[in-house]
Amino acid sequence: MISSVNRRTNLKIASGALVCEESILKGDITIGPKTVIHPRASIIAEAGPIIIGEGNIIEEMATIVNRLPPNAQEPTTTPVQIIGSYNVFEADCMCEAFKVGDNNILETKAHVGREVELTNGCIIGALCSLTEPDTIPENTIIYGSECHRREMNDKPYPPISQIEFLHKILPSYHHIRKSNMKPMKLEGDT
């Protein structure tokens, strides 16, 4: 079996993360604790590192990519893509945004371009495509074929119970990559 991790991959998996062996991981990637990466999810760090925070769910065929646009010159600094905590990337969505805050949901087949910044608590609806430079305000829902926007009254809840369920069920059906980062000790811990 050919591994989906090539020789140039610098993959760091925190203790407590669940990364399926069948996921496609290329480049300099850091995966935070409690994050779940389903089989056939793709994380591609071509232009620079990707740092994924705690408790994210990246479903089948979802793609997170840090790459330069076509015909772009090599940047003087390496662009780092930072994904916050407790985000959900549903099946077949695409995220190229350099900054994604916390508690966001990209629904099935949603696309967020590299010039878009997602703040916190946003929902990008199924089939919505955001490619123009924009900062999406907190607690915004983008929905419909014309990408309408409205503000939510409540913030989305972190997917804690879904993460716990996936941590129980996925290892029964898939091979899991081992963590290679030691848990960090906080000040005051002995």
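Note: the structure precedes this text.
The structure contained in this document is the topic of the report that follows. Keep in mind it's a predicted model, so treat the numbers as computed, not measured. (Residues numbered from 1 in each chain as written. Predicted model: local features only at pLDDT ≥ 70, side-chain atom pairs only at ≥ 80, totals over all residues. Heavy atoms only, no water.)

Thoughts on the overall build of the protein
Piece 1. Each helix and strand counted, the protein has one helix and 22 strands in total.
Piece 2. Since a compact globule built from 190 residues should have a radius of gyration of about 16 Å, the 16 Å found for the protein is in line with a globular shape.
Piece 3. In terms of its C-alpha atoms, the protein occupies a principal-axis envelope of roughly 45 × 40 × 40 Å.
Piece 4. Within the span of the protein, comprising 190 residues, buried residues form 45% of the whole.
Piece 5. If you sum the accessible surface of the protein, you get close to 10,800 Å²; carbon and sulfur atoms cover 52% of it.
Piece 6. The positive charge centre, built from 18 side chains, and the negative charge centre, built from 24, are 8 Å apart in the protein. (Helix = DSSP H or I, 4+ residues; strand = E, 2+ residues; numbered from the N terminus. Rg over C-alpha atoms; globule rule 2.2 N^0.38 Å. Buried < 20%, exposed > 50% of the residue type's maximum accessible area, 1.4 Å probe, protein only. Areas by Shrake-Rupley, 256 points an atom, 1.4 Å probe, with all protein chains shown as cover. Lys, Arg positive; Asp, Glu negative; His and termini not counted. Charge placed at Lys NZ, Arg CZ, Asp CG, Glu CD.)

Considering the pairing of strand S21 (residues 148-151)
Piece 1. Of the strand pairs in this sheet, strand S20 (residues 140-143) and S21 are connected by four bridges, and their pairing is antiparallel. Across the sheet, the residue bridging to Ile142 is Arg149, located in S21.
Piece 2. Once S20 ends, the chain turns through four residues before running back antiparallel as S21, passing Gly144 with a positive phi of about 80 degrees. (Pairing = 2+ DSSP bridges.)

Details of the sheet that holds strand S3 (residues 24-26)
Piece 1. Taken in spatial order, the six strands make up an open sheet running S3-S6-S9-S12-S15-S18, and their pairing is parallel. Strands at the two margins of the open sheet, each flanked by one partner only, are S3 and strand S18 (129-130).
Piece 2. Bridge count between strand S15 (residues 111-112) and S18: two bridges; the pairing is parallel. In the sheet register, Val112 faces S18, and the bridge partner there is Leu130.

As for the pattern of salt bridges
Piece 1. For the structure shown, the criterion picks out seven salt bridges.
Piece 2. With a closest N to O distance of 3.9 Å, Arg114 and Glu115 form a salt bridge.
Piece 3. A relative accessible area of 45% places Glu115 in the partly exposed class.
Piece 4. Among the salt bridges present, the one from Arg149 reaches Asp134, with a minimum N-O distance of 2.6 Å. With Arg149 in strand S21 and Asp134 in strand S19 (residues 134-136), this residue pair connects regions lying 15 residues apart in the sequence. (Salt bridge = Lys/Arg side-chain N within 4 Å of Asp/Glu carboxyl O.)

Let's talk about the pairing of strand S9 (residues 63-66)
Piece 1. Side-chain alternation along S9 places Thr63 and Val65 on one buried face and Ile64 and Asn66 on a second face that is also buried.
Piece 2. For strand S6 (residues 42-45) and S9, the ladder comprises four bridges, and the chain directions are parallel. Note on S9: the bridge partner recorded for Ala45 is Asn66.
Piece 3. Bridge count between S9 and strand S12 (residues 94-95): two bridges; the pairing is parallel. Directly across from Thr63, in S12, lies its bridge partner Met94.

Read these as layout, nothing more, since geometry by itself doesn't imply function.
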